[in-house]
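A look at the structure
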Amino acid sequence: MEKIAEKSANKLNGFLMLFLSIAIMAFSIYLLVVGIDVEDAQILWVVIPLMIISFLMLSGFIVVQPNDSRVLILFGKYTGTVRQSGFYWVNPFTVRRKVSLRIRNFNSQKIKVNDLHGNPIEIGAVIVWKVVDSAKAVFDVENYEQFVDIQSETAIRTLASEFPYDVNEEDKPSLRGTPQVIAESLKNTLQNRLEVAGVDILESRISHLAYAQEIAQAMLRRQQAQAIIAARQKIVEGAVGMVEMALNMLSEQKIVTLDEDKKATMVNNLMVALVSETEVQPIINTGTLYQ
């Protein structure tokens, strides 16, 4: 496939050429009037070509708005692109294809797909893009706008299948837990796919993310259970640390001497007090009558 890179097209000031075209038209009319007065038919051989030239010149004017462009094609050959806004005159025989350079949004539909763990999820994304190479956008793909739409949806599906919806480990990426990482990965994937169309991806982000309706309730209960387990694990880890610290401080400061049975009893009481979900009622042992 022939690769075409964007280049600047030859153009002339539109106001200057408009003045020249009007001057040629006025001169041809003047010659026609003079020829009629002197009854000289030979002058038509000059008047007719001048009028044809004037009409052809009028068809070569273009107006380019800001953040707009015109791709010029002369008899099937790319001759260049006009990017600068203004009023210009170009070869009247060229075909002029309009390509917008403005920033655009692609808001995908809610796509149903399986994540890395096989869970059905619904996902949608917003893609911010613009054309940076008008020649590639016109000649390298059939329809660059449709190309962006299809490739964006394909990239979103691929991304969703490469990451889990959620994970327990904080250092692992997931669709819900690390949105910035996911957005950057989506942007890089899209940039690689759309570079052939002369498109630059400015931003990409997930706009919708949820479990599919058929498993939403079950996954919600699983998330709640995982949260409870994680919280209890943190509580137990903290309680063990506090018990160990208490035993060490009692031993180092020689406040009380504990044998293994008393240590076990103390550890049991402390763990119950620290880990229990209900408020613990202390019992004060003041000794026995025969102690």
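Everything here concerns the structure above.
A brief report on the enclosed structure follows.

Parameters and conventions
Residues numbered from 1 in each chain as written. Predicted model: local features only at pLDDT ≥ 70, side-chain atom pairs only at ≥ 80, totals over all residues. Heavy atoms only, no water. Helix = DSSP H or I, 4+ residues; strand = E, 2+ residues; numbered from the N terminus. Buried < 20%, exposed > 50% of the residue type's maximum accessible area, 1.4 Å probe, protein only. Contact = heavy atoms within 4.5 Å. Areas by Shrake-Rupley, 256 points an atom, 1.4 Å probe, with all protein chains shown as cover. Expected span 1.5 Å × (residues − 1). Arc of directions from axis to C-beta. Salt bridge = Lys/Arg side-chain N within 4 Å of Asp/Glu carboxyl O. Polar contact = N/O pair within 3.5 Å; in protein donor to acceptor, adjacent residues only side chain to side chain. Pairing = 2+ DSSP bridges. Axes fitted to C-alpha atoms, helices over the stretch in contact; angles between N-to-C directions. Core = buried A, V, L, I, M, F, W, Y, C linked by side-chain atoms within 4.5 Å. Phe/Tyr/Trp six-rings, centres within 6.5 Å; stacked < 30°, edge-to-face > 60°. Lys NZ or Arg CZ within 6 Å of the ring centre and 35° of its normal. Patch = residues over 30% accessible without salt bridge, like charges linked within 9 Å, V, L, I, M, F, W, Y side chains within 5 Å.

1. Thoughts on the overall build of the protein chain
- For the protein chain, the count of helices and strands is seven helices and ten strands.
- For the protein chain, the residues scored as buried account for 32% of the 291 residues in total.
- For the protein chain, contacts bridging at least 24 residues in sequence account for 68% of all contacts bridging at least 6.
- Accessible surface, the protein chain: about 19,000 Å² in total, of which carbon and sulfur atoms supply 57%.

2. A short note on helix α5 (residues 179-194)
- Its 16 residues give α5 an end-to-end C-alpha distance of 22 Å, which sits within 8% of 22 Å, the value for a rise of 1.5 Å per residue.
- Where α5 is concerned, the buried positions are I182, A183, L186, L190 and L194. An end-on view of α5 places all buried positions within 95 degrees of arc, on one side of the element. The exposed set on the far side of α5, more than 90 degrees from its buried face, consists of Q180 and N192.
- If you follow the buried residues of α5, they end up packed against β9 (120-131), α4 (144-162) and β10 (199-211).

3. Looking at the pattern of salt bridges
- Counting across every chain of the model gives five salt bridges.
- E6 serves as the salt-bridge partner of R83, at 2.4 Å between the closest nitrogen and oxygen. Residue R83 is located in the loop between β4 (77-82) and β5 (86-89), and its partner E6 is located in the segment before β1 (12-13); the two are separated by 77 residues in the primary sequence.
- Classification of E6 by relative accessible area gives partly exposed; the value is 24%.
- In this structure, the salt-bridge partner of K98 is D68, at a minimum N-O distance of 3.7 Å. Residue K98 is found in strand β6 (residues 95-100), and its partner D68 is found in strand β3 (residues 68-74); the two are separated by 30 residues along the sequence.
- Judged by its relative accessible area of 54%, K98 is exposed.
- Residue class for D68 comes out buried when judged on its relative accessible area of 1%.
- A network of salt bridges, in which partner residues are shared, links D68, R70 and K98.

4. Here we look at the environment of R83
- Take R83: its relative accessible area is 31%, and that puts it in the partly exposed class.
- Separated by 15 residues in sequence, R83 and D68 place their C-alpha atoms 6.4 Å apart.
- Contact partners of R83, with chain neighbours within four places excluded, come to E6, V64, D68, S69, L101, V132 and D133.
- Polar contacts involving the side chain of R83 include one to the side chain of E6, which spans 2.4 Å.
- Within the structure, R83 has its side chain in polar contact with the backbone oxygen of V132 (distance 2.7 Å).

5. What about the sheet that holds β6?
- Strand order in this open sheet of three strands is β4-β3-β6, and the pairing throughout is antiparallel. The open sheet is flanked by β4 and β6, the only strands paired with a single partner. Here the strands of the sheet are splayed against their neighbours by 25 degrees on average, with no regard to which way each runs.
- Strand direction decides the pairing type here: β3 and β4, joined by five bridges, are antiparallel. Residue L74 lies in a different strand from β4, and its bridge partner there is K77.

6. Thoughts on the nonpolar core
- Counting residues in hydrophobic clusters, the biggest one holds 35 residues, and the most contacted among them are W129 and L186.
- Elements represented by at least two residues in this core include exactly β8 (111-114), β9, α3 (134-139), α4, α5 and β10.
- Beyond its immediate sequence surroundings of up to four residues, W129 is in contact with R102, I103, R104, N105, F106, Y144, E145, V148, V199, D200, I201 and L202.
- Within the second largest apolar cluster, nine residues are counted, among which are L31, I43, L50 and W89.

7. Focus: the packing of aromatic side chains
- In this structure the tally under the stated criterion is five aromatic pairs.
- Ring centres of F61 and F87 lie 5.4 Å apart, and the angle between their planes is 15 degrees; on these two criteria the pair is classed as stacked. Residue F61 is found in strand β2 (residues 61-64), and its partner F87 is found in strand β5; the two are separated by 26 residues along the sequence.
- Among the aromatic residues, those joined into a ring-pair cluster are F15, F61 and F87.
- When the ring centre of Y88 is taken as reference, the NZ or CZ atom of K11 above it lies at 5.4 Å.

8. Notes on a nonpolar patch on the surface
- Taken together, the side chains of L44, I48, I52, L56, F75 and F93 present a nonpolar region at the surface, about 610 Å² in accessible area.
- Mapped onto the fold, I48 is located in helix α2 (residues 44-58).

9. Comments concerning unusual backbone geometry
- Phi is positive for N67, close to 55 degrees, though the residue is something other than glycine.
- Topologically, N67 is positioned in the loop between β2 and β3.
- The backbone of F75 sits at a positive phi, close to 50 degrees, despite the residue not being glycine.
- Among the structural elements, F75 can be located in the loop between β3 and β4.

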